[in-house]
Amino acid sequence: MSSLIEMNDVWYQYNPDSPLAYWALMGVNLRIERGEFISIIGPTGSGKSTLIQHFNGLLKPAKGEVIVDGVDISRTSDLKSIRKKVGMVFQYPETQIFSETIYDELAFGLRNYGYSEDEIEERIESVTKKLGIDYLPLDKSPFLLSGGEMRRIAIASILAMEPEVFVLDEPLANLDPQGRRELLREIDSLNKKESLTVIIVSHDLSEVSRYANRIIVLSEGKIIMDGPPKEIFKDVEKLIDISLGVPQLVELLYNLYKRGADIPYNILDMEEAAKVIVKWRKSLGNRDKLRTIPTA
Ligand SMILES: Nc1ncnc2c1ncn2[C@@H]1O[C@H](COP(=O)(O)OP(=O)(O)OP(=O)(O)O)[C@@H](O)[C@H]1O
Ligand SMILES: [Mg+2]
């Protein structure tokens, strides 16, 4: 079977043939397989949003090709079926809510695709459960909800389309720490339990990297790293170079390493990190080198 998404030498230019012409993507190659949980990371302006908008044909490459589930987005006349396959949640999706009731908001996309009211009701019931918002009164206005709830409604309305791949642009922005954790856990469970392919854009490595099986790092329109989190964190310096925050744990271990501790630092799990540190301290034996342990 072919990859779910395939990008071959993709170039994208904003404002072509004008003084404002700007190459936002330069020679991007990518294969995304079914069931993956990918995090796309990169500093502001690195091309993350530009990249993901190619996944559903919202943007088309100036050069190169984008193949979604076997279909070339530049050649197909049926973008509607691609948009159904690739559920896209933009940054601050709650600002795009407009329906009078929560139910209508959740039903909007489904009605557009001609689903029956029975089917719509069923899907809304299921999706609100999955996102932990089944307690909300569906006949009430979405504008009475909290920011976090509105974000979930917006996310649920895309999820209700039952996409094969779920792409979220900075879904955690402006949520409080607990809201971020909860939303991430729910998205993770959609990936694990429902085998939904998940792609999350973020400019921060700390939270998403604990769930993603793969991290793609963008810088100035190019992919500069692509691999499992453990591989990515081996190259902490490179991440710091392009001003990306690294998880605190990695930073702590890396500081120990830099001061001479013979330990790996590409560790994301607290218990594993504790074991590594204990082992290292023991290996120092009776040489009383403990004084050299930094307090970073
Ligand atoms: N509509 C546009 N017209 C012209 N240039 C644009 C447009 N949208 C984006 N760009 C430029 O293309 C580059 C990549 O933008 P993009 O929005 O993809 O970056 P990003 O990684 O998503 O950034 P952020 O983290 O700020 O969301 C930036 O330099 C941006 O200024
Ligand atoms: Mg963006």
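Residues numbered from 1 in each chain as written. Chains lettered and ligands numbered in written order. Predicted model: local features only at pLDDT ≥ 70, side-chain atom pairs only at ≥ 80, totals over all residues. Heavy atoms only, no water.

**Regarding the overall build of the protein chain**
Each helix and strand counted, the protein chain has 11 helices and 10 strands in total. Considering the protein chain as a whole, with its 296 residues, one finds that 48% of them fall into the buried category. Put simply, of all contacts in the protein chain between residues at least 6 apart along the chain, 61% involve residues at least 24 apart. Of the accessible surface of the protein chain, which amounts to about 15100 Å², a share of 49% is contributed by carbon and sulfur atoms. Here the protein chain contributes 37 positive and 45 negative side-chain charges, whose respective centroids are spaced 8 Å apart. (Helix = DSSP H or I, 4+ residues; strand = E, 2+ residues; numbered from the N terminus. Buried < 20%, exposed > 50% of the residue type's maximum accessible area, 1.4 Å probe, protein only. Contact = heavy atoms within 4.5 Å. Areas by Shrake-Rupley, 256 points an atom, 1.4 Å probe, with all protein chains shown as cover. Lys, Arg positive; Asp, Glu negative; His and termini not counted. Charge placed at Lys NZ, Arg CZ, Asp CG, Glu CD.)

**Details of the layout of surface pockets**
The calculated volume of the largest pocket comes to roughly 600 Å³. Lining the largest pocket are 22 residues, with Met88, Phe90, Gly109, Ser157 and Ile158 positioned closest to its centre. Of all the secondary-structure elements, those providing two or more residues to the lining of the largest pocket are helix H2 (79-85), strand S6 (86-89), helix H3 (102-112) and helix H5 (147-159). Partitioning the lining of the largest pocket into residue classes produces 13 nonpolar, six polar and three charged. Approximately 400 Å³ is the volume attributed to the second largest pocket. What lines the second largest pocket is a set of 14 residues, and nearest its centre among them are Ser206, Glu207, Arg210, Pro247 and Leu268. For the lining of the second largest pocket, the elements supplying multiple residues, two or more each, are helix H6 (177-194), helix H7 (205-208) and helix H10 (248-258). With four residues, the single largest contributor to the lining of the second largest pocket is H6. Class assignment for the residues of the lining of the second largest pocket results in seven nonpolar, two polar and five charged. When residues of the lining of the second largest pocket are sorted by domain, at least three fall in each of domain 1 (35-60 + 76-245) and domain 2 (247-296). (1 Å grid on protein atoms, 1.4 Å probe; cavity = no way out; pocket = protein on both sides within 12 Å on 5 of 7 lines; lining within 4 Å. Points joined across faces, edges and corners; volume = space filled by probe spheres on them. Nonpolar A, V, L, I, M, F, W, Y, C, P; charged D, E, K, R; others polar. Domains from an automatic or database assignment.)

**Re the side chain of Gln13**
Tracing the chain through its elements places Gln13 in strand S1 (residues 5-14). Each residue touching Gln13, except ones within four places of it in the same chain, is listed here: Ala21, Tyr22, Trp23 and Ala62.

**What to know about the site of ligand 1**
Lining the immediate surroundings of ligand 1 are Tyr14, Asn15, Tyr22, Ala24, Pro43, Thr44, Gly45, Ser46, Gly47, Lys48, Ser49 and Thr50. The contact in question runs from an oxygen atom of ligand 1 to an N or O atom on the side chain of Tyr22, over 3.5 Å. Measuring from an oxygen atom of ligand 1, one finds a backbone N or O atom of Ser46 at 3.2 Å. When ligand 1 sits alone it has 640 Å² of accessible area, and the protein chains cover 63% of it. Only strand S2 (22-32) and helix H1 (48-52) provide two or more residues apiece to the shell around ligand 1. (Near = heavy atom within 4 Å. Polar contact = N/O pair within 3.5 Å; in protein donor to acceptor, adjacent residues only side chain to side chain.)

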